[in-house]
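Chain residues, written in single-letter form:
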Amino acid sequence: MRYIVAITGASGAIYGIRLLEELPGEKHCIISDSGMKIMEFETEKDIAYLEKLAKVYRESEIESSFASGSFRFDAMVIAPASMNTVGKIAHGIADNLITRTASVALKERRRLVIVPRETPVSAIHLRNLTILAESGADIVLPAPAFYNRPKSVDDMVNFVIGRILDLLGIEHELYKRWEG
Ligand SMILES: Cc1cc2nc3c(=O)[nH]c(=O)nc-3n(C[C@H](O)[C@H](O)[C@H](O)COP(=O)(O)O)c2cc1C
């Protein structure tokens, strides 16, 4: 399986990093310029670490294979997704490698999972997310559950990563399932 993980300039770079750590198969990572800055503010990780996990592309590498619909991939996950990137994809703007690849995923009917991060949200943000959901994207809110009594930030992040892996049909033991 071939996966693309995009990290944009929303808070929560850890979601993209943890996803790259957990995904099996062939992994590619596209990071936006803002995503790079925020990853460095928020985590101890840098691009060298991402390069150990995946082949890494910057948003300007529009000549990369993903920019063409003829290049096949199984799923793209944007985690975290900024409202800027959400708005652009929802309105057909494909001005960098992340927005172009997402546009390809939608037009080629490939799996596109979006993990939007903003709060509170405006009606514009909600409308843009609705457009994406109606266009076939899966929206995974980074909203951890509390019924499994998380003890750490890692537990809360793992819950969100586990729900993304569930959608992609990938086995994991990142969180304890509710069994009634
Ligand atoms: C510290 C910091 C945190 C930010 N967090 C968010 C956020 O959680 N969600 C969001 O939509 N934008 C957030 N932004 C704003 C985006 O980084 C900004 O809109 C940027 O243009 C997004 O670019 P991109 O979509 O190309 O990555 C944040 C900016 C900074 C500096």
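Please refer to the structure higher up on the page.
Each residue is numbered by its place in its chain's sequence as written, counting from 1. Local features are withheld for residues below a pLDDT of 70 in this predicted model, meaning they are given only at 70 or higher, and side-chain atom pairs are given and counted only at 80 or more; totals for whole chains, interfaces and linings count all residues. Only heavy atoms go into the side-chain values, all of them from the structure, while hydrogens and water stay out.

A.B. asks: I keep staring at the nonpolar core and nothing clicks. Help me out?
C.D. replies: One recurring pattern in soluble globular proteins: nonpolar side chains tend to sit buried together. Core analysis: the largest hydrophobic core is formed by 31 residues, its most contacted members being Leu19, Leu23, Leu50, Val77, Ile161, Ile164 and Leu168. Every element with two or more residues in this core is listed here: strand E1 (2-7), helix H1 (13-22), strand E2 (26-31), helix H2 (33-42), helix H3 (47-53), strand E4 (75-81), strand E5 (111-116) and helix H7 (153-168). Helix and strand labels come from DSSP, where a helix needs a run of H or I of at least four residues and a strand needs a run of E of at least two; each type is numbered from the N terminus. Looking at this core element by element, the count peaks at 6 residues for H7. If near-sequence neighbours (up to four positions away) are discounted, Leu168 is found in contact with Tyr3, Leu23, Ala75, Val77, Arg111 and Val113. Take the buried residues of types Ala, Val, Leu, Ile, Met, Phe, Trp, Tyr and Cys, join any two whose side-chain atoms come within 4.5 Å, and each joined set is a nonpolar core. Burial classes: relative accessible area under 20% of the type maximum marks a residue as buried, over 50% as exposed, and values in between as partly exposed (1.4 Å probe, protein chains only). Counting residues in hydrophobic clusters, the runner-up holds 26 residues, among them Val86, Ile98, Val104 and Leu112. The contact criterion used is simple: two residues touch if any of their non-hydrogen atoms lie within 4.5 Å.

A.B. asks: Would you take a moment to explain the packing of H1 against H7 for this structure?
C.D. replies: Axis angle and axis distance: for two packed helices, these are the angle between their axes and the distance between the axes, and together they describe the pair. Note on definitions: angles span 0 to 180 degrees between N-to-C directions of axes, and those axes are lines fitted to C-alpha atoms, for helices only across the stretch in contact. It is the contact of H1 with H7, at a shortest axis distance of 10 Å, that shows an interaxial angle of 55°. By the angle class used here, H1 and H7 are oblique. Viewed along their axes, H1 and H7 form a crossing whose handedness is right-handed. Residues Ile14, Tyr15, Arg18, Leu19 and Glu22 of H1 pack against Val157, Asn158, Val160, Ile161, Ile164 and Leu165 of H7. Residues are grouped as follows: Ala, Val, Leu, Ile, Met, Phe, Trp, Tyr, Cys and Pro are nonpolar; Asp, Glu, Lys and Arg are charged; all remaining types, including Gly, are polar. A per-class count over the contact of H1 with H7 returns 8 nonpolar, 1 polar and 2 charged. Orientation is classified from the angle alone, with under 35 degrees giving roughly parallel, over 145 giving roughly antiparallel, 65 to 115 giving roughly perpendicular, and any other angle giving oblique. In this scheme, a crossing is called left-handed if the near helix is turned counterclockwise away from the far one by less than a right angle; it is called right-handed if the turn is clockwise.

A.B. asks: Before we go on, may I ask you to explain the sheet that holds strand E3 (residues 55-58) in this structure?
C.D. replies: Note on sheets: strands pair through backbone hydrogen bonds, and any given pair is parallel or antiparallel. Strand order in the open sheet formed by 6 strands is E3-E2-E1-E4-E5-E6, with parallel pairing between adjacent strands. Every interior strand has two partners, whereas the edge strands, E3 and strand E6 (138-139), have only one. In this sheet, E2 lies alongside E1 in parallel orientation, the contact comprising 6 bridges. For Ile7, the partnering residue across the bridge sits in E2 and is Ile31. Lying on the sheet, H2 is in contact with E1, E2 and E3; it crosses E2 at an angle near 95°. Against the sheet, H7 contacts E1, E4, E5 and E6, and its axis sits at roughly 165° relative to E5. Any two strands are treated as partners once DSSP identifies two or more bridges connecting them.

A.B. asks: Hey, could you run me through unusual backbone geometry in this one?
C.D. replies: Note: most peptide bonds trans; most residues except glycine with negative phi. For the peptide bond that leads from Ala79 to Pro80, omega is -5°, which places it in the cis range. Structurally, the position occupied by Pro80 is in strand E4. For the bond running from Thr119 to Pro120, omega is -10°, close enough to zero to count as cis. Positive phi values are uncommon outside glycine, yet Arg149 reaches one of about 50°. Relative to the helices and strands, Arg149 resides in the loop between E6 and H7.

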